[in-house]
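As a plain string of letters, each chain reads:
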Amino acid sequence: MALSISQRALTRSFLAGGLVGAFAGFLFAWESLYRNPGIASFGDRFLTILFFAILFGLAGGLIGFAADLLTTPFARTRAVAPITAAASFALAEGLARSYSVHQWYKDTWPSLTLTPGTSFRNFCIVVLICLVIGALAGAFVSWLLPRLRGAGAVALAFALGLPSAWLIVNRTETFQPPRYEASMKDDREGRLFLFVIDGADWDFLMPLIESGRVPNLASLYTSGVSGELGISYPCISPYLWTSLATGLDDDQHGLCEFFAYRPPFTNALITRYPGLGTGKRFLFQKFVPKLARLGIGSAVHASRAQKRVPELWDYTSAAGIPAAVVGWRFSYPAPAIEGAFVTDRFQETVLPQPAVYPAELRETLRIDYSNEGARRARPILGERLASMTTEELGPNAEKVEKLSYHLERDFRYTAATRDLVEAYDPRLVVAGLTAVDACEHQFILEHVLGREDDRPALSAYHARFTDEQTIDDLAGTIDDVYAITDSLVGSILASRTSSDIVMVVSDHGHDLDGSGHRFGPGGIIMMAGAGIHPAGRLEGARVYDVLPTALYALGLPVPHGLAGKVLIDAFEEKTLADHPISLVFPSEGELQEVRTLDALPELGEQDLEELKALGYVD
Ligand SMILES: [Zn+2]
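As the structure is a computational prediction, the values presented were derived from the model and not from experiment.

Participant: Is there a simple way to explain the overall build of the protein in this structure?
Facilitator: For the protein, the helix and strand inventory stands at 24 helices and 14 strands. Taking all 618 residues of the protein together, the buried fraction comes to 56%. A sequence separation of at least 24 residues applies to 73% of the contacts in the protein between residues at least 6 apart. As displayed, the protein has an accessible area near 26,500 Å², and 60% of this comes from carbon and sulfur atoms.

What follows is the structure in structure tokens.
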């Protein structure tokens, strides 16, 4: 067989693969960075994008080269460019999503963070979809380079696109919830207070606990168990809050984006495939709402409508346990529960569905409209900023406004929680607070730069976002908001008795490097009160564990089939002995089974394997 490939053809394949690879690298790095105008300098950003463009470009080029060598003897039509382009794009995406690449990069270049790994299944789907995108890109390259025809690529795109689309639309792994009943309760009568402080992170909180600025959280910390709360990706609130409330991941609970899109196919693509990182946010979050404005499709706030499984208060309601739930994110429209529910959209005036349950709460709830948050926001900004008008504040006006809004929100919801505790005598009290996260996003630069003992001169890059004076004014803002949040938690806990349990968690932490929380870190968890170990570390807790642990703390059996488990280490031996953990299995027909952990041997093998994986049985 004579080697009949010309040098030019090989160069062309290299270029075709390389072009697409470079483009993929550029998209990857750019998408990973543009959302976080934090600590990384402009130079670092530029170099990162360049680095990935070259890396992926080289990979794409080499694949193109190799594929050309391998396929030319057999190829009648030259569909090589599309295939190589597809392969290079898929490889680039695969690498980009691999956790080890992310970790390696983070270790090597600590001032930056990149998209982390995703589940293997998501990875496979991502590669498939990227193949399609790559094939289309390849077709375009073929069209650009004459003599390479794109017909093969189009055929390939269809061949791969159909199964991909089928996989996306038909992803139907759903959790079958058991039916809860009042008879399932054990004899414990204490209440459970569950606080979610969005974005609370040990790196910020620990120094405040040590310095005595957050006395309420400090007393929980010293009298109970605590640890890091493991998160999952995407590290964003809609997904994580819903995992906290359901004990399940997005495959099953259905909500993992801030918006829900129409037509449904785009919705499925975005909300169910968070791993589809490259360019996704740009394409969809910018593009789909634009289409929506033109009347093609729509983008609405994510809400309870996207959730496919029961949440904590659905279980307690079914078991006849009254609850007061206030400010839970993405909970609108208000669910009809045993007790009362104030959703996170309560403050909005015009909503098509009720934002509170029962509906008359709207009139009777003495919500604090005193603008306490706004009044408290100004002083904590330091005297200089507090005395300025909006015009004088200039670029800082937006920060101040956001801070006021979230403080306002937290003050109101805290007041509402106190009222509901009085009016409904709930056994489950849930309060969601958001000022900490909002503040971490707004003031991280000043927090970090203002903290350095030997403060270097402000770099030209950072000078675009802040100035020396602002750093002096705002360096303590995040600490102040933690302290206010602590006082709000304390005000709700004023009615706490010795038979109650308190649980404080966050949906995720916050990176001190200014990259926000796109890539973690994990959140916090603290538990204290009746039957909880008086001191200790809680290792390996994850967001999924909060629901089962809360149900157990309330004396209820735990649904079988959750992603999480009861945090056994949090409870004292005596509690576990007096109140054995039990599981409840989904009802088949009329049959519904509640079994304690020592009565499991006759379970099927698959169920036993699941329970072993969760650590319930040895
Ligand atoms: Zn956030």
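Participant: Can you help me understand the nonpolar core in this one?
Facilitator: Considering soluble globular proteins, one finds that nonpolar side chains tend to be buried as a cluster. By size, the foremost hydrophobic cluster in this structure holds 63 residues, and its most contacted members are Trp328, Phe571 and Tyr616. The biggest single contributor to this core is helix H22 (residues 546–553), with six residues. Once you skip the residues sitting within four places of it in the chain, Phe571 turns out to touch Ile501, Met527, Gly531, Ile532, His533, Thr549, Tyr552, Ala553, Val566 and Leu576. Listed in part, the 40 residues of the second largest apolar core include Phe193, Ala431, Val481 and Ile524.

Participant: Explain the confidence of the model for the protein to me, please; I cannot follow it from the model alone.
Facilitator: Low-pLDDT portions of the prediction should not be read for the details of their coordinates. Averaged over every residue, the pLDDT of the protein is 75; residues scoring 70 or more account for 60%. In this model, residues 34–39 is a region of pLDDT below 50 whose contacts with residues beyond four sequence positions or in other chains number 23 contacts. Here residues 271–282 is modelled with pLDDT under 50, and outside its nearest four sequence neighbours on either side it reaches 53 contacts, counting other chains as well.

Participant: I tried to follow the pairing of strand E10 (residues 523–529) on my own but got confused; where do I start?
Facilitator: As a general feature of sheets, a regular strand has side chains that alternate between the two faces. Here E10 lies mainly inside the structure; six of its seven residues are buried. Alignment of strand E2 (residues 225–229) against E10, held across five bridges, turns out to be antiparallel. The residue bridging Leu229 from the neighbouring strand is Gly523, located in E10. Note: strand E9 (residues 501–505) against E10, five bridges, orientation antiparallel. Within E10, the position partnered with Val502 by the bridge is Ala528.

Participant: For this particular structure, what's the right way to read the sheet that holds strand E13 (residues 582–584)?
Facilitator: Strands sit in the order E12-E13-E14 across an open sheet of three strands; the sheet is mixed. Two strands lie at the open edges of the sheet, namely strand E12 (558–559) and strand E14 (594–596), each paired on one side alone.

Participant: In this structure, what is going on with the environment of Ala423? I would like to understand it.
Facilitator: Following the sequence through the fold, Ala423 ends up in helix H18 (residues 397–424). Its relative accessible area of 60% is what places Ala423 among the exposed residues. Taking C-alpha positions, Ala423 is 9.5 Å from Gly339, a pair spaced 84 residues apart along the chain.

Participant: Just to check I follow, could you spell out the side chain of Thr549 for this structure?
Facilitator: Relative to the helices and strands, Thr549 is located in helix H22. Sequence-distant contacts of Thr549, that is, excluding residues within four places in its chain, are made with Met503, Met527, Lys565, Val566, Leu567 and Phe571.

Participant: Can you help me understand the sheet that holds strand E5 (residues 323–328) in this one?
Facilitator: The nine strands are arranged E7-E6-E5-E8-E1-E9-E10-E2-E11 in an open sheet whose pairing can be described as mixed. The sheet terminates laterally at strand E7 (356–357) and strand E11 (536–537), the two strands that pair on one side only. In this sheet, strand E8 (residues 428–433) lies alongside E5 in parallel orientation, the contact comprising four bridges. Considered in E8, the bridge of Ala324 is made with Val429. The strands that helix H7 (residues 202–211) touches are E2 and E10; relative to E10, the one it contacts most, it runs at about 45 degrees. Strands in contact with H18 are E5, strand E6 (339–343) and E8; relative to E8, the strand with the most contacts, it is inclined by about 175 degrees.

Participant: Is there a simple way to think about the side chain of His560 in this case?
Facilitator: Here His560 lies in the loop between E12 and helix H23 (573–578). In this view, His560 contacts Phe175, Val584, Phe585, Asp607, Glu610 and Leu611; residues no more than four positions away in its chain are not counted.

Participant: Would you mind going over unusual backbone geometry with me for this structure?
Facilitator: It is generally the case that most residues other than glycine have a negative phi and that most peptide bonds are trans. The omega torsion of the bond from Tyr332 to Pro333 falls at -5 degrees, within 30 degrees of zero and hence cis. The omega angle of the peptide bond from Tyr357 to Pro358 is -10 degrees, so this bond is cis rather than trans. Along the polypeptide, Pro358 turns up in the loop between E7 and helix H14 (361–364). The backbone of Phe330 shows a phi angle near 60 degrees, a positive value even though the residue is not glycine. Within the element layout of this structure, Phe330 appears in the loop between E5 and E6. The phi dihedral of Asp425 is positive, around 45 degrees, even though this residue is not glycine. The exposed category is assigned to Asp425, whose relative accessible area is 59%.

Calculation criteria
Residues numbered from 1 in each chain as written. Predicted model: local features only at pLDDT ≥ 70, side-chain atom pairs only at ≥ 80, totals over all residues. Heavy atoms only, no water. Helix = DSSP H or I, 4+ residues; strand = E, 2+ residues; numbered from the N terminus. Buried < 20%, exposed > 50% of the residue type's maximum accessible area, 1.4 Å probe, protein only. Contact = heavy atoms within 4.5 Å. Areas by Shrake-Rupley, 256 points an atom, 1.4 Å probe, with all protein chains shown as cover. Core = buried A, V, L, I, M, F, W, Y, C linked by side-chain atoms within 4.5 Å. pLDDT = per-residue confidence, 0-100. Pairing = 2+ DSSP bridges. Axes fitted to C-alpha atoms, helices over the stretch in contact; angles between N-to-C directions.

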